[in-house]
Each structure stands twice: as structure tokens, then as C-alpha cells.
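# Fold and contact review
Here is how the chains run, residue by residue.
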Amino acid sequence: MRLIRTSLISFVAIASISPTHAQSLPGGFVYLRDVDPRIIQDIRYATANNFVGRPLAGYGAGECVVKREVGLRLKAVQAELAAQNLSLKMFDCYRPARASLDMVKWSQNGNETAAERRYNPKIPKTELFRLGYIASRSQHSTGAALDLTLVDLKADNSARIDPSKTYADCTAPVAARLPEGSVDMGTGYDCTDAKGHTAAPSITAEQRAWRKRLVAAMARQGFVNYSKEWWHFSLPGAGGAAYDFPIQPRRN
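Below is a short write-up of the structure.

Conventions adopted
Residues numbered from 1 in each chain as written. Predicted model: local features only at pLDDT ≥ 70, side-chain atom pairs only at ≥ 80, totals over all residues. Heavy atoms only, no water. Helix = DSSP H or I, 4+ residues; strand = E, 2+ residues; numbered from the N terminus. Buried < 20%, exposed > 50% of the residue type's maximum accessible area, 1.4 Å probe, protein only. Contact = heavy atoms within 4.5 Å. Phe/Tyr/Trp six-rings, centres within 6.5 Å; stacked < 30°, edge-to-face > 60°. Lys NZ or Arg CZ within 6 Å of the ring centre and 35° of its normal. Pairing = 2+ DSSP bridges. Axes fitted to C-alpha atoms, helices over the stretch in contact; angles between N-to-C directions. Salt bridge = Lys/Arg side-chain N within 4 Å of Asp/Glu carboxyl O.

### Some points on unusual backbone geometry
For Asn85, which is not glycine, the phi torsion reads 60° and is therefore positive. Topologically, Asn85 is positioned in the loop between helix H2 (68-82) and strand E4 (86-92). The phi dihedral of Asp190 is positive, around 65°, even though this residue is not glycine.

The structure is reproduced here in C-alpha cells:
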């Protein structure tokens with residue numbers, strides 16, 4: 001899920017890190033790369049390749065940060081997938097609360113560009129709260145929620161975004177959408193459309209099979225999918241307070 005309502009931000013438990021300890025993490029948090037470096041990462045909110053069109057506040061590095069238990073369970077999922085020549089690809093993990101506030105400001109700015117409409121082809125920004133595409137509290141800020149997909153390691157995943165090309169919206173056939181280097185789940189990541197619902201009837205049998213495969217692999221390690229976003233999973237009981245420490249480059 002994307003956002004956190006402005007009225008609830010004052011209730012978020014904030015943990016800050018001083019500049020002199022910028023690479024430290026609060027107790028219980030780890031860099032996923034330290035737990036399992038085989039898991040592919042494409043942290044989209046640290047780039048301009050997302051629905052806002054720029055890096056979000058607090059994303060100082062494209063690193064997946066999670067609670068330790070979450071990381072260990074992801075490692076177990078990855079081990080199962082690796083035997084099938086598959087891999088997880090992480091789009092978002094821990095999200096600083098300031099990034100959620102940044103999203104709120106974006107949703108209220110009164111502008112909708114063509115690039116933004118690729119992610120919201122049928123739904124105006126002002127409707128995202130009412131229709132449930134935006135949550136009242138972001139589980140991502142607890143370190144227990146994730147956005148991810150699957151990569152077929154046997155496929156050609158080399159396609160990259162061409163700045164000179166005009167891409168179709170997130171519900172279009174995979175060849176017309178922004179390339180994501182992953183299996184075809186029927187929509188792109190962060191697609192606020194009924195087609196992005198996990199059990200959407202409007203996708204192909206093959207796309208449905210990929211979604212079921214991802215949900216099943218995650219469920220075997222206790223992760224629960226959010227029904228309106230095929231890419232969003234959380235681990236019940238692993239969260240707690242929301243945090244606002246920035247994501248900094250991992251110390252090698």
C-alpha cells in the first residue's frame with residue numbers, strides 16, 4: 001500500500017538517526033543484502049521510475065531494509081525459488097514515514113501528468129483514498145511490509161527504459177509497458193487499477209498462474225498478500241511502531 005493519512009502522521013512513532021550515525025539501523029532492522037545477496041533489488045522510490053516521478057523523501061539509497069525476521073523468511077522463500085530458476089525482486093521494503101508524507105503531498109498537488117497517469121489510468125488522485133488504494137497507515141514504515149515480484153532467471157531480462165520511447169499505461173500488454181525485468185503479472189508495479197487486484201478476472205491464465213505462484217511461495221513463510229495489490233505482502237506480528245529513519249547506503 002502506498003500512503004499514510006496526514007491526520008495519522010502525528011501518531012507515528014518516529015525513530016531518527018543523527019548524521020554521524022547515518023548508516024546505523026535501529027534494533028531489529030537489517031539490510032536484506034546482508035541476509036541474502038541473491039535477492040534482486042529494484043527499489044523504485046529511490047529513483048525517478050515511480051508514480052511520483054522522482055525519488056521520495058528519505059530514500060537516500062536503493063537498499064531494501066527490513067526487520068530481521070522478515071529478512072530470514074525472505075531468504076527461505078528465495079531458496080525455494082532458486083531451485084526453480086526463479087528469484088524474488090524487491091520493489092519496496094521499509095519506507096520512512098517522511099516518504100509517506102511526501103506521497104500525501106503529491107496526491108494533493110492538483111496536477112496529473114501523463115507519466116503519472118500511466119500508474120493511475122482510470123482513477124484520479126483524489127479518489128485513491130476512497131477506493132482503498134491508499135491505506136490509513138503504511139505497514140512499510142514498520143519494516144514488516146514488502147512490494148515484490150518474481151524474476152525468471154532463464155528469461156532475457158535485459159530490457160531497459162528508453163527515455164525517447166512513449167510507453168503505454170500499467171494495464172497494457174507487457175511489451176507496451178515500462179520494462180521491469182520480471183515475469184508478466186498482468187500489470188506493472190504500483191498499478192492502481194482493478195486489473196492489479198490479485199484475483200482480477202481480466203488477466204490471462206498464465207498471468208494468473210504467476211500471481212498464484214508468488215502468493216503461494218510467500219504464504220509458505222507466513223506472508224499475507226493484500227488483495228488489491230498483487231505485489232504487496234506483509235508478515236503479521238513482525239511490525240509494531242512505524243519509523244522515520246532515512247535509508248542510507250549500506251556499509252560494505
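### Side note on helix H3 (residues 97-107)
Across the eleven residues that make up H3, a large majority, eight, are buried. Regarding H3, the residues found buried are Ala97, Ala99, Ser100, Asp102, Met103, Val104, Trp106 and Ser107. Residues of H3 that are buried in the fold lie against helix H4 (114-117).

### Let's talk about the packing of aromatic side chains
Tallying each qualifying case throughout the model produces 13 aromatic pairs. Measuring from centroid to centroid gives 5.9 Å for Tyr45 and Phe51, while their planes differ by 85°, and the two rings are edge-to-face. Phe51 carries the same exposure label as Tyr45, and that label is buried. The ring of Phe91 carries the charged tip of Arg44 above its face, separated from the ring centre by 5.4 Å.

### Overview of the pairing of strand E7 (residues 229-234)
When you tally the buried positions in E7, you get six out of six residues, the bulk of the element. Pairing between strand E5 (residues 145-152) and E7: three bridges, direction antiparallel. Across the sheet, the residue bridging to Asp147 is His232, located in E7. Two strands pair when backbone bridges link them, and strand E6 (residues 224-226) and E7 are joined in this way by three bridges, in the antiparallel orientation. Bridge assignment links Asn225 to a residue of E7, and that residue is Phe233. Connecting the antiparallel pair E6 and E7 is a turn made up of two residues.

### Observations concerning the pairing of E5
Counting buried positions over the eight residues of E5 gives eight, a clear majority of the element. Of the two faces of E5, the one lined by Ala145, Asp147, Thr149 and Val151 and the one lined by Leu146, Leu148, Leu150 and Asp152 are each fully buried. Pairing of E4 with E5, which is carried by six bridges, proceeds in the antiparallel orientation. Residue Lys89 lies in a different strand from E5, and its bridge partner there is Thr149.

### What about the sheet that holds strand E2 (residues 40-41)?
Ordered by their spatial adjacency, five strands build an open sheet running E2-E4-E5-E7-E6, and the pairing between neighbours is mixed. In this open sheet, the two strands that pair with only one neighbour each are E2 and E6. Pairing of E2 with E4, which is carried by two bridges, proceeds in the parallel orientation. Residue Ile40 lies in a different strand from E4, and its bridge partner there is Lys89. Packing against the sheet, H2 makes contact with E4 and E5, and its axis sits at approximately 145° to E4. Most of the contacts of helix H5 (residues 205-219) go to E5, to which it runs at about 125°, and overall it touches E4, E5, E6 and E7.

### A look at the pattern of salt bridges
Opposite charge on two side chains makes pairing possible when the charged atoms of those side chains draw close. All chains considered together, the criterion is met by 14 salt bridges. Put simply, Arg98 and Asp244 hold a salt bridge, and the shortest N to O gap is 3.1 Å. Taken together, the residues span a long stretch of sequence, with Arg98 in helix H3 and Asp244 in the segment after E7 at a distance of 146 residues. With relative accessibility at 13%, the residue Asp244 sits in the buried group.

The values reported here are purely geometric and, on their own, carry no functional implication.
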